[in-house]
Amino acid sequence: MRTRFCLGAFALLFIFAPAHLPAAETRCPFDETKLEFVGSPLEQAKCLLRPVAEFGLLGQPLTTLPGPLESLIGRPVTVNKEKLEHYLEQHAIQETEIGGAITNVLRAKYFVIHDVSAPNYHAQSFPTNINDADWKWNDLNRWRSNQAAHFFVNRLGQSVAPHTLTTPWRATKLESRVLGEKSRGLFVHTELIQPRRADPQGHPGNDGIAPLPGFTEAQLDRLALLYLVASMEHGTWMVPAYHAAIDAGIPDGHDDPQNFDLTLWANRLAALLETVRAEGDPLNQRNTDFNRR
Ligand SMILES: [Zn+2]
């Protein structure tokens, strides 16, 4: 989201004094003819996954990405579709959680990572239960009808899809203010539930501080699954991107996601791929049978 709430709905619920981000943040160059950022998919990812510091200040483009991202992005998805279906079945994951059937064909090239930046606890500290089911913002019913993104992922690692994955939905200023209608369907948007609080060093009403560590491992696990699902439907591994990097250089930009551990996400993706690839294997089956005795 942004230095204030990413979701318009929240702007009505909370008092906030907006602050404009420095315009010095330069955008990754975008080729409007090809409708993609400049460079190979891997080069694009290195620019679009620049570290996002407080108030949306961006670091330098990365020189390498943590494995397995470096060897996947832009390449064909070789994961067996039946194995992924088996995995989803085994884990009782419904199509409503992953945005539709994995047999769909997805045109979108970019997998955009956001955090909802809500609620803002202002001067208070974060509640101790933000990673538990009894923290009310982890209730997906709150997000089910929110139209702001394709997916919302709570801190327990559960997800809901207000839009199917193939719905051409826009959620950044680059899409709505710069590229316009032609950008429809190029981006898939995932909102990770994460609260904020005010930085006493910042302007009044700011929401600069996010929890540290930021997202839970369960949350990153589900984000990895959504990335696999989207990439499988696209055919090649999509380019992951942070919202703040997508909108860099656009006035009144956003600062999300904060405290996203890219290496941990990559590790969780590697673990997921290992599990999915083992689905239905005889050895795996024997272990399952043994465990049932
Ligand atoms: Zn956002």
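Rules used throughout
- Sequence order sets the numbering: in each chain, residues are counted from 1 along the sequence as written.
- Owing to the predicted nature of the model, reporting of local features is limited to residues with pLDDT of at least 70; listing and counting of side-chain atom pairs is limited to 80 or more, with chain, interface and lining totals taken over all residues.
- Only DSSP runs of H or I with at least four residues qualify as helices, and only runs of E with at least two residues qualify as strands; both kinds are numbered from the N terminus onward.
- Exposure classification rests on a simple neighbour count of other C-beta atoms within 10 Å of a residue's own: a residue reaching 20 or more is buried, one at 12 or fewer is exposed, and one in between is partly exposed. C-beta atoms are placed from the backbone.
- The contact rule is simple: place each C-beta atom from the backbone, and if two of them lie within 7 Å, those residues are in contact.
- What a helix is expected to span follows from its residue count: subtract one and scale by 1.5 Å.
- Paired strands, as defined in this entry, are two strands with at least two bridges between them according to DSSP.
- Looking at any residue, its pLDDT shows the predictor's confidence there, from 0 to 100.
- The angle between two axes is taken between their N-to-C directions and runs from 0 to 180 degrees, where each axis is a line fitted to C-alpha atoms and a helix contributes only its stretch in contact.
- Under the definition applied here, buried Ala, Val, Leu, Ile, Met, Phe, Trp, Tyr and Cys residues are grouped into a nonpolar core through C-beta atoms within 7 Å.
- By definition, any crossing whose near helix is turned counterclockwise from its far helix by less than a right angle is left-handed, and any crossing with a clockwise turn is right-handed.
- When residue character is reported, Ala, Val, Leu, Ile, Met, Phe, Trp, Tyr, Cys and Pro are called nonpolar, Asp, Glu, Lys and Arg charged, and the others, Gly included, polar.
- Read the arc as the range of directions from the helix axis to the C-beta atoms.

Q: Could you clarify how one ought to interpret the overall build of the chain in this entry?
A: Within the chain one finds 10 helices and seven strands. Looking at the 293 residues of the chain, the share that counts as buried comes to 40%. Sequence separation of at least 24 residues holds for 73% of the intrachain contacts in the chain that already meet a minimum separation of 6.

Q: Explain helix α7 (residues 217–234) here, please?
A: Each turn of an α-helix holds 3.6 residues, which means side chains three or four residues apart point in the same direction. Under the 1.5 Å per step criterion, the end-to-end length of α7 is 25 Å for 18 residues, consistent within 8% with the ideal 26 Å. Most of α7 is tucked away, with 14 of its 18 residues classed as buried. Directly after α7, the chain includes G235, whose backbone phi takes a positive value near 105°.

Q: Before we go on, may I ask you to explain unusual backbone geometry in this structure?
A: Negative phi is the rule for most residues except glycine; trans is the rule for most peptide bonds. Of note, the amide linkage connecting A118 to P119 takes the cis form, showing an omega dihedral of -5°. Topologically, P119 is positioned in the loop between β3 (110–115) and β4 (151–153). Omega for the peptide link from D256 to P257 comes to 0°, which places this bond in the cis form. Counting through the fold element by element, P257 comes out in the loop between α8 (243–246) and α9 (262–278).

Q: Would you explain the pairing of strand β7 (residues 239–242) in this entry?
A: Put simply, side chains in a regular strand alternate between the two faces of the sheet. Side chains V239 and A241 of β7 all project onto a buried face; the interleaved residues P240 and Y242 project onto the opposite face, where all are buried too. Across four bridges, the pairing between β3 and β7 is parallel. Of the residues in β7, the one forming a bridge with F111 is P240.

Q: Before we go on, may I ask you to explain the confidence of the model for the chain in this structure?
A: Do not read the fine detail of predicted coordinates wherever pLDDT is low. Here the chain averages 90 in pLDDT, and 88% of its residues register 70 or above. Every residue in residues 1–5 scores below 50 in pLDDT, and together they form 30 contacts with partners more than four places removed in sequence or on other chains. The low-confidence segment residues 7–24 (pLDDT under 50) makes 32 contacts with residues lying over four places distant or belonging to another chain.

Q: I tried to follow the sheet that holds β3 on my own but got confused; where do I start?
A: Sheet strands pair by backbone hydrogen bonding; their relative direction is either parallel or antiparallel. Ordered by their spatial adjacency, five strands build an open sheet running β5-β4-β6-β3-β7, and the pairing between neighbours is mixed. Where the open sheet ends on each side, the last strands, each with one partner, are β5 (159–160) and β7. Pairing analysis gives three bridges linking β4 to strand β6 (residues 187–192), with the strands arranged parallel. Residue pairing in the sheet places F151 in a bridge with T190 of β6. Strands in contact with α7 are β3, β4, β5, β6 and β7; relative to β6, the strand with the most contacts, it is inclined by about 170°.

Q: Where do I start with the nonpolar core in this structure?
A: Within the largest apolar cluster, 62 residues are counted, with the highest numbers of intra-cluster contacts made by L48, Y110, F111, A230, A241, Y242 and A245. The element contributing the most residues to this core is α7, with nine residues. Excluding its chain neighbours within four sequence positions, the residues that come into contact with Y110 are L186, F187, V188, M238, V239 and A241.

Q: Got a minute to help me understand the packing of α7 against α9 in this structure?
A: Packed helices, taken two at a time, are described by the angle their axes make and the gap between the axes. It is the contact of α7 with α9, at a shortest axis distance of 9 Å, that shows an interaxial angle of 60°. For the crossing formed where α7 meets α9, the hand is right-handed. Every residue of α9 that contacts α7 at E217, L220, D221, L223, A224, L225, Y227 and L228 is listed here: L264, W265, R268, L269 and L272. A per-class count over the contact of α7 with α9 returns 10 nonpolar, no polar and three charged.

Q: Help me understand α9, please; the structure alone is not making it clear to me.
A: For α9, built from 17 residues, the straight-helix expectation of 24 Å at 1.5 Å per residue is met to within 8% by its first-to-last C-alpha distance of 24 Å. Residues W265, A266, R268, L269 and L272 constitute the buried set of α9. Viewed along the axis of α9, the buried residues span an arc of 160°, placing them on a single side of the element. Across α9 from its buried face, at more than 90 degrees, point the exposed residues T263 and E274.

Q: Any chance you could explain the environment of S40 here in plain terms?
A: Structurally, the position occupied by S40 is in the loop between β2 (36–37) and α2 (41–48). Separated by 34 residues in the primary sequence, S40 and G74 have C-alpha atoms spaced 7.7 Å apart.

Q: So what exactly am I meant to see when it comes to the environment of S183 here?
A: Tracing the backbone shows S183 in the loop between α6 (173–179) and β6. On the basis of neighbour counts, which here come to 19 C-beta atoms within 10 Å, the residue S183 falls in the partly exposed class. Sequence-wise, S183 and R170 are 13 residues apart; in three dimensions their C-alpha atoms are separated by 7.8 Å.

Q: Please explain the pairing of β6 as it appears in this structure.
A: Burial analysis of β6 places six of its six residues in the buried class, which makes it a mostly covered element. Along β6, one buried face is formed by F187, H189 and E191 and the opposite face, lined by V188, T190 and L192, is buried too. Two strands pair when backbone bridges link them, and β3 and β6 are joined in this way by six bridges, in the parallel orientation. When the sheet's bridge partners are listed, Y110 is paired in β6 with F187.

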